[in-house]
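Chain and residue survey
Now for the letters of each chain:
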Amino acid sequence: MGTYGRFPITLVRGQGCWVRDHRGRRYLDAVAGIATCTLGHSDPAMRRALSQQLRRLQHVSNLYRIQEQEDLARWLVDHSCADSVFFCNSGAEANEAAIKLARKHGHTVRGIDRPVILTAQSSFHGRTLAAVSATGQPRYHAGFEPMVEGFETFPYNDLHGFEALLNRMEANGPRVAAVLLEPLQGEGGVNPGTVDFFRAVREHCSQRKILLILDEVQTGMGRTGCLWGYEQLGIEPDAFTLAKGLGGGHAIGALLVQQHADHFQPGDHASTFGGNPFACRAGLTVARELQRRHLLANVDARAEQLRTGLQTLVARHPDQLSGVRGWGLLQGLVLREEGSFQAADVVKAALDQGLLLVAAGPQVVRMVPPLVINRREVTSLIRRLAAALESLQA
Ligand code: PLP
């Protein structure tokens, strides 16, 4: 179906941070399946692990214990604030699970009949009906109304706005089950959360026994230079969701919860494919390679280089570019509203220069390369982007 506006190229091969199209043309991939191919393309460790897994066991039902699922859950729990994990297949699905969890929390812990979840304007939580209802961008709702009820939005990083909404919702007793937030808004324009705002929200949630749930679908698994985006903010969520980078290009999603938020009983939630041996082996491989290859340190070093390079471009095109923002290898080049081109134009011009980029709204060009990107490749990224901007300026 015509759900995607596609570029007229077919990508047929990939190696590390590079992909080739059907004509043999090579591109540096700073999209990485949109922040997903953590180890790049055709990674040797991933190839070995998944070939072996295909020979051993690909899929069995969650009617039985699954060793790879338990191993990945163990790794996630050992390396985060969470105590248990539910596996599914995508970011939207992970958020669906989180929304159900939040409602159950509202009913059982706060005694609310019709629980409400607070989310931020400009957020993005996925395209299933509940996830899109949680998404604070009306353009994703248009044409699909009525939305799922039980979501209210406030301006991101705006403590007064948050407190005003919370107080209004709770004026006559408990109504709010959870607050669902991205630590950094990815699709919404690469907007990092602020420490003061998230600390205050954490405090309000703790005081009222409201769940603080973070959507780490884009920020998780080392993308920001920390394993989890919440580390950038100095807080711990009661629950958080993962997908994208967790499987390094293989379909997996997860909801992670602290023990006090672990409300699901047998029969409450399920997924046929969720947490199957193949997907979990992919996740385990990403996890182990992140550690073995010290990829968090690589993210920090390459992010510094990328930011510096992007700032040079901002200085070179002050009438078009207004700045750079983001964490780690999730960076946004911000265009001026009054400039003569938009993010989509930059993405297209970059494609002509052999560089894959993705927009985050009309004014932000997003860079989310594989976490294995090296110094030479970041230099090449900047050079290609510089050429793309020159061509647009001309
Ligand atoms: N949440 C966030 C923060 C995302 O960035 C995305 C996808 O871009 C999603 C959820 C939805 O993930 P998926 O496309 O895997 O359903």
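Residues numbered from 1 in each chain as written. Predicted model: local features only at pLDDT ≥ 70, side-chain atom pairs only at ≥ 80, totals over all residues. Heavy atoms only, no water.

Along the polypeptide, Arg316 turns up in helix α10 (residues 295-316). A relative accessible area of 45% means that Arg316 is categorised as partly exposed. Aside from chain neighbours lying at most four places away, what touches Arg316 is Ala386 and Glu390. (Helix = DSSP H or I, 4+ residues; strand = E, 2+ residues; numbered from the N terminus. Buried < 20%, exposed > 50% of the residue type's maximum accessible area, 1.4 Å probe, protein only. Contact = heavy atoms within 4.5 Å.)

The next point concerns the packing of aromatic side chains. Throughout the structure, instances matching the rule amount to nine aromatic pairs. Judged by centre distance (6.3 Å) and plane angle (85°), the ring pair of Phe162 and Phe197 falls under edge-to-face. In this pair, Phe162 is assigned in helix α6 (residues 159-169) and Phe197 in helix α7 (residues 195-208), connecting sequence segments 35 residues apart. When sorted by exposure, Phe162 lands in the same class as Phe197, which is buried. Ring geometry for Trp228 versus Phe240: centroids 5.4 Å apart, planes at 55°, classification tilted. Here Trp228 is found in the loop between β10 (211-215) and α8 (230-233), whereas its partner Phe240 is found in strand β11 (residues 239-242), with 12 residues between them in sequence. The two residues Trp228 and Phe240 agree in class, both being buried. Of note, Arg26 hangs over the ring of Trp18, and the distance from its end group to the ring centre comes to 4.0 Å. (Phe/Tyr/Trp six-rings, centres within 6.5 Å; stacked < 30°, edge-to-face > 60°. Lys NZ or Arg CZ within 6 Å of the ring centre and 35° of its normal.)

This part covers the domain arrangement of the protein chain. We note that the domain assignment places domain 1 (11-30 + 294-393) and domain 2 (45-292) within the protein chain. For domain 1 and domain 2, the distance between their C-alpha centres works out to 28 Å. Contacts between the two partners involve 22 residues from domain 1 and, on the opposite side, 26 residues from domain 2. Interface of domain 1 and domain 2: buried area, both sides summed, is about 1,800 Å²; carbon and sulfur atoms make up 60% of it. When residues of domain 1 are sorted by the area they lose upon contact with domain 2, Leu296, Trp327 and Leu330 head the list and together hold 41% of the total. (Domains from an automatic or database assignment. Buried area = accessible area lost by both parts, 1.4 Å probe.)

Quick look at helix α12 (residues 375-393) now. A rise of 1.5 Å per residue sets the reference length of α12, with its 19 residues, at 27 Å; its end C-alpha atoms lie 27 Å apart and thus fit the reference within 8%. What α12 keeps buried is the set Glu377, Val378, Ser380, Leu381, Ile382, Leu385, Ala386, Ala388 and Leu389. Near the N-terminus of α12, the side chain that reaches the backbone nitrogen of Arg376, with its oxygen 3.2 Å away, is that of Asn374. (Expected span 1.5 Å × (residues − 1). Polar contact = N/O pair within 3.5 Å; in protein donor to acceptor, adjacent residues only side chain to side chain.)

Turning our attention to the sheet that holds strand β5 (residues 116-120). With mixed pairing, the seven strands of this open sheet are ordered in space as β4-β12-β11-β10-β7-β5-β6. In this open sheet, the two edge strands, each paired with only one partner strand, are β4 (84-88) and β6 (151-154). Strand-to-strand twist of the sheet, defined as the mean angle between neighbouring strand axes without regard to direction, takes the value 20°. Bridging between strand β7 (residues 176-181) and β10 involves four bridges; their strand directions are parallel. (Pairing = 2+ DSSP bridges. Axes fitted to C-alpha atoms, helices over the stretch in contact; angles between N-to-C directions.)

Cis geometry marks the peptide bond from Glu145 to Pro146; its omega dihedral reads 0°. The phi angle at Ala32 is positive, at roughly 50°, despite the residue not being glycine. Assignment of secondary structure puts Ala32 in helix α1 (residues 32-35). Owing to a relative accessible area of 0%, Ala32 belongs among the buried residues under this scheme. Here the phi dihedral of Ser122 falls at roughly 65°; this positive angle occurs in a residue that is not glycine.

Here the focus is the site of the ligand. Near the ligand you find 13 residues, and of these Gly91, Ala92, Asp215, Gln218 and Lys244 are the closest. Within the contact set of the ligand, a nitrogen atom lies 3.4 Å away from a backbone nitrogen or oxygen of Phe124. Within the side chain of Glu187, an N or O atom sits 3.2 Å from an oxygen atom of the ligand. If the ligand stood free it would expose 390 Å²; the protein chains cover 82% of that surface. For the shell around the ligand, the leading source of residues is helix α4 (residues 91-108), giving three residues. When its residues are assigned to classes, the shell around the ligand shows three nonpolar, six polar and four charged. (Near = heavy atom within 4 Å. Areas by Shrake-Rupley, 256 points an atom, 1.4 Å probe, with all protein chains shown as cover. Nonpolar A, V, L, I, M, F, W, Y, C, P; charged D, E, K, R; others polar.)

With that out of the way, let us pick up the sheet that holds strand β13 (residues 321-327). Taken together, four strands build an open sheet; the order of strands is β13-β14-β17-β16 and the sheet is antiparallel. Two strands lie at the open edges of the sheet, namely β13 and β16 (358-359), each paired on one side alone. Relative to strand β17 (residues 364-367), β16 runs antiparallel, the two sharing two bridges. When the bridges of β17 are listed, Val358 appears paired with Arg366. Here α10 sits on the sheet in contact with β13, β14 (330-335) and β17, set at roughly 170° to β13.

The topology assignment puts His125 in the loop between β5 and α5 (129-134). In terms of polar contacts, His125 uses its side chain to reach the side chain of Asp215, at 2.8 Å. Once you skip the residues sitting within four places of it in the chain, His125 turns out to touch Gly91, Ala92, Asn95, Thr119, Ala131, Ala134, Thr135, Leu180, Leu181, Glu182 and Asp215.

This part is about the packing of α10 against α12. It is at 10 Å that the axes of α10 and α12 come closest, and there the two elements cross at 20°. Taken together, the axes of α10 and α12 lie roughly parallel to each other. Seen along the crossing, α10 lies across α12 with a hand that is right-handed. Judged by residue contacts, Arg302, Gln305, Leu306, Gly309, Leu310, Leu313 and Arg316 of α10 engage Arg375, Val378, Thr379, Leu381, Ile382, Leu385, Ala386, Leu389 and Glu390 from α12. Grouping the amino acids of the contact of α10 with α12 by side-chain chemistry returns nine nonpolar, three polar and four charged. (Parallel < 35°, antiparallel > 145°, perpendicular 65-115°, else oblique. Left-handed = near helix turned anticlockwise from the far one by under 90°.)

Here we take up the packing of α6 against α7. Closest axis-to-axis distance for the α6/α7 pair is 10 Å, and the angle between their directions is 20°. Taken together, the axis directions place α6 and α7 in an arrangement best described as roughly parallel. By crossing handedness, the relation of α6 to α7 is classed as right-handed. Facing α6, whose interface residues are Leu159, Phe162, Glu163, Leu166 and Asn167, α7 presents Phe197, Ala200, Val201, His204 and Arg208. For the contact of α6 with α7, the residue count by class is six nonpolar, two polar and two charged.

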